[in-house]
Amino acid sequence: MPITTRTSIIRQVPGTYETVEVELDDPRQGEVTVKLAASGLCHSDDHVATGDVPVGVHPYAGGHEGAGVVTAVGPNTPAFEVGDHVVFSFLPACGRCEFCARGLSNLCDLGASLLTGARADDPSSFRMHLDGEPVGQQCGISTFSEHTTVSIDSVVKIDKSIPLRSAALVGCGVPTGWGSAVRSANTQPGDTVIVMGIGGIGVNALQGAAHSGATTIIAVDPVAAKADWAKQFGATHFFTGIDEAAEHARSVTNGQGADATIITIGVVRGEHVGEALASIRKAGTVVVTGLGDITAVGAPIALGDLTLMQKRLQGSLFGESNPRRDIPNLLRMYQNGQLKLDELVTKTYALDQVAEAYEDMHAGRNLRGVIVFD
């Protein structure tokens, strides 16, 4: 029988998150129900509220970065049991499709269902309902919820000794930013790296660049107050504009420019891509990680610069991370003091404060807000 739980939803776009009580399905085969301990407040969920990222149904329950404890396991579902601690992966990984077989599980075919709000195997089947009507689940998990029922393709078991509030962050923001620098930009020791946008993704790109041995790590954000945060996570320099950052990169590279520029701006527009391309050296890389209006087309880039300077323009989803490999690995790094997680959380909120949390994010008052559940 379905249970009831409180969750934060968007009824329409543009819209504001509000908390309601919904009916939640018990887990079927291949599913588990999880009691949330913490959920990160990622900018992507704000993109859903503004309509930059269209979804398949409204109401739509937000949240895609979280951790909790398994409270129920579907029938004939091995490998999970009640009491397991898990981190949600906003990108499901089936382990069977062509892209999982290629080692690109962040591009798993199940990702095609992420914004439908429905079960991946049945677009007419929803796990949440409000007044008898379906409620979509963000990325199939909807972590802005006291309880949620999800596919086992979307959860990774973790060591019970790891604090769930910290572990929640490795479900999206940390591997996305870290991997953007380590994998997508292929940062090497001695490199010069620019990170555009110092929020929950950008600070982790700084961590990734520092981990890879970059010697000049330039943070760019119009909010000057973020300078101290940026330096805490590895930035060696901070500028409020990309032009000044690019000039500094050229000044330390014999006029060449940055080896890589990573775009983690909260709302990415085409001109940001053009500015980033102009900031890198010959054969350098621009990594586009942030989102804006996903239906927007076009960026003002100099085609001759792209071709004749052999520059590379690289998209990055989840930092090219493999959730089943990288979530446990990043948590081991955290346990060994090699990765900052606790320091990312600048403010915690109750479930009823999701809208307030996004107001704080837009005002530049936090790096990563986190919902903490009782």
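Our structure is the block above this text.
Since the structure is predicted, the reported quantities are computational estimates derived from the model, not experimental observations.

Colleague: Sorry, what's going on with the packing of helix 1 (residues 43-50) against helix 11 (residues 354-362) here?
Modeller: In helix packing, the relevant descriptors are the interaxial angle and the interaxial distance, both defined with respect to the helix axes. Closest axis-to-axis distance for the helix 1/helix 11 pair is 11 Å, and the angle between their directions is 105°. With respect to helix 11, the element helix 1 is oriented roughly perpendicular. Taken together, the residues of helix 11 that come into contact with helix 1 (itself represented by His43, Asp45 and Asp46) are Tyr358, Met361 and His362. Residue composition of the contact of helix 1 with helix 11, by class: two nonpolar, two polar and two charged.

Colleague: Sorry, what's going on with the packing of aromatic side chains here?
Modeller: A ring pair, where both rings are aromatic, is described by two values, the distance of the centres and the angle of the planes. By the definition in use, this model includes three aromatic pairs. Summarising the aromatic geometry, the rings of Tyr17 and Phe144 are spaced 5.6 Å apart at their centres and angled 80° between planes, so their arrangement reads as edge-to-face. Here Tyr17, found in the loop between strand 1 (3-10) and strand 2 (18-24), pairs with Phe144, found in the loop between strand 8 (133-137) and strand 9 (147-151); they are 127 residues apart in sequence, far enough to count as distant. Across the pair, Phe144 and Tyr17 agree in class, each one buried. Arranged with centres 5.2 Å apart and planes meeting at 90°, the rings of Phe90 and Phe318 form a pair that is edge-to-face. Here Phe90 is found in the loop between strand 6 (85-88) and helix 2 (98-101), whereas its partner Phe318 is found in the loop between strand 16 (312-315) and helix 10 (323-335), with 228 residues between them in sequence. Aromatic rings pair up to connect Tyr17, Phe144 and Tyr358 into one cluster. The ring centre of Phe80 lies 5.6 Å from the NZ or CZ of Lys157, which sits over that ring.

Colleague: Help me out: how do you make sense of the nonpolar core in this one?
Modeller: Soluble, globular proteins show a tendency: their nonpolar side chains are buried together. Grouped together as the largest cluster of nonpolar side chains are 44 residues, with contacts concentrated most on Val170, Val174, Ile198, Leu206, Ile262, Leu331 and Leu341. Counting residues per element, the ones that place at least two in this core are helix 3 (164-167), helix 4 (173-184), strand 11 (192-196), helix 5 (202-211), strand 12 (216-220), helix 6 (227-232), strand 14 (258-263) and helix 10. It is helix 10 that provides the largest number of residues to this core, a total of five residues. Non-local contacts of Ile262, meaning those with residues more than four positions away in its chain, are made with Ser180, Ala181, Ala185, Val193, Ile194, Val195, Met196, Ala205, Val287 and Thr289. Core analysis: the second largest hydrophobic core is formed by 34 residues, Val32, Leu41, Met361 and Phe373 among them.

Conventions and cut-offs
- Residues numbered from 1 in each chain as written.
- Predicted model: local features only at pLDDT ≥ 70, side-chain atom pairs only at ≥ 80, totals over all residues.
- Heavy atoms only, no water.
- Axes fitted to C-alpha atoms, helices over the stretch in contact; angles between N-to-C directions.
- Helix = DSSP H or I, 4+ residues; strand = E, 2+ residues; numbered from the N terminus.
- Parallel < 35°, antiparallel > 145°, perpendicular 65-115°, else oblique.
- Contact = heavy atoms within 4.5 Å.
- Nonpolar A, V, L, I, M, F, W, Y, C, P; charged D, E, K, R; others polar.
- Phe/Tyr/Trp six-rings, centres within 6.5 Å; stacked < 30°, edge-to-face > 60°.
- Buried < 20%, exposed > 50% of the residue type's maximum accessible area, 1.4 Å probe, protein only.
- Lys NZ or Arg CZ within 6 Å of the ring centre and 35° of its normal.
- Core = buried A, V, L, I, M, F, W, Y, C linked by side-chain atoms within 4.5 Å.

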